[in-house]
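# Inside the fold
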Amino acid sequence: MTDDSSTPAGVRVPDTKLAREATEVVRDSTSELIYDHSRRVYFFGSLQGRNRDLSFDPELLYIAAMFHDLGLNEPFHGSGRRFEVDSADEARRFLQAYQVPEDSIRRVWTAIALHTTPGIPEFMEPEVALVTAGVEYDVLGIGYHDIDEADRAAVVALHPRPGFKPRILEAFTEGIRPKPQTTFGNVKADVLAHYVPGFERGDFVRTILDSPWAE
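What comes next concerns the included structure. (Residues numbered from 1 in each chain as written. Predicted model: local features only at pLDDT ≥ 70, side-chain atom pairs only at ≥ 80, totals over all residues. Heavy atoms only, no water.)

## A word on the pattern of salt bridges
- Summed over all chains, the structure comprises 17 salt bridges.
- The structure contains a network of salt bridges with shared partners spanning Asp103, Arg106, Arg107, Glu125 and Glu127. (Salt bridge = Lys/Arg side-chain N within 4 Å of Asp/Glu carboxyl O.)

## Side note on the nonpolar core
- Counting 40 residues, the largest nonpolar core has Tyr42, Ile63, Phe67, Leu95 and Val108 as the members making the most contacts within it.
- Elements that contribute at least two residues to this core include exactly α1 (17-29), α2 (32-51), α3 (58-67), α4 (83-97), α5 (102-113) and α6 (126-140).
- Top contributing element to this core by residue count: α3, with 8 residues.
- Ignoring any residue separated from it by four or fewer positions in sequence, one finds Ile63 in contact with Leu18, Ala19, Ala22, Phe94, Leu95 and Val108.
- Leu33, Ile34, Leu72 and Ile168 belong to the second largest nonpolar core, which has 14 residues in total. (Core = buried A, V, L, I, M, F, W, Y, C linked by side-chain atoms within 4.5 Å. Buried < 20%, exposed > 50% of the residue type's maximum accessible area, 1.4 Å probe, protein only. Helix = DSSP H or I, 4+ residues; strand = E, 2+ residues; numbered from the N terminus. Contact = heavy atoms within 4.5 Å.)

## A short note on unusual backbone geometry
- Even without glycine at this site, Ala9 takes up a positive phi of about 60°.
- Of note, Ala9 is situated in the segment before α1.
- For Asp53, which is not a glycine, the phi torsion comes out positive at approximately 55°.
- Mapped onto the elements, Asp53 comes out in the loop between α2 and α3.

## A short note on α5
- The end-to-end C-alpha distance of α5, which contains 12 residues, comes to 16 Å, matching closely the 16 Å that a straight helix rising 1.5 Å per residue would cover.
- Among all positions in α5, only Ser104, Ile105, Val108, Thr110, Ala111, Ile112 and Ala113 are buried.
- On its buried side, α5 packs onto α3, α4 and α6. (Expected span 1.5 Å × (residues − 1).)

So, in C-alpha cells, the structure goes:
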C-alpha cells in the first residue's frame, strides 16, 4: 500500500476523507500502471503549479488526477463516449455522493474531460490547467526540465514507471479500440493509427464535403 504521508518534492497528498476514498476507488478499480501514472500526474501537476505560481485546490487537483484515465477500463468499452468523458462522469458521480459543491464538481469534470485537448486547459482554472500539465509532463515529457531533477526522481521513486511508454500506449489502445469513432478530431486517433490494423481516422474535410448540404 502506498504511504500517503510521503511528500516527494514537498508535495503532500491531501489528508482528507475524500482524497483517501478516491485513492481506494482508483486503486481497486484500475491497473497498477494507471494508478501510478495518476498519482504522478498529481505530483507533477502540483509542481508545475508551483513553478507557474498558481493558486489551486490540492484536493480537487488530486481527485481529477486520480480519475482522469478511469474511462479506459473495460466496463466503459461499450459506452460509445470518449474515455475522457467516461472518466469525468465517474469523478462527478463520486463527488456528488459526498455532496461536493457543484462548482468544484464542474472544475474536476472539466479538468478530466479536456486533458487530451491541448491549447485550451492552460487558459482555464488552475485545477483544469494543472491536470493537463501533469499528464503532458508524465506522458509526453512536455516541460521536462521545468521540474528539478531531484524532485522528478523523488516522484518516480514513489511511483516508478518501468516500461511506461509502451505500457501506457497499450492501455490507450485497449481502452479506445472498441470505440474508434470517439477518436475523431483528437490525439487518440494517432494511437489507433499506430496499433490497430485497418483503422481509418476521420477526415474533417471529407466530412464537410460529404455532408448532406447541397452547397
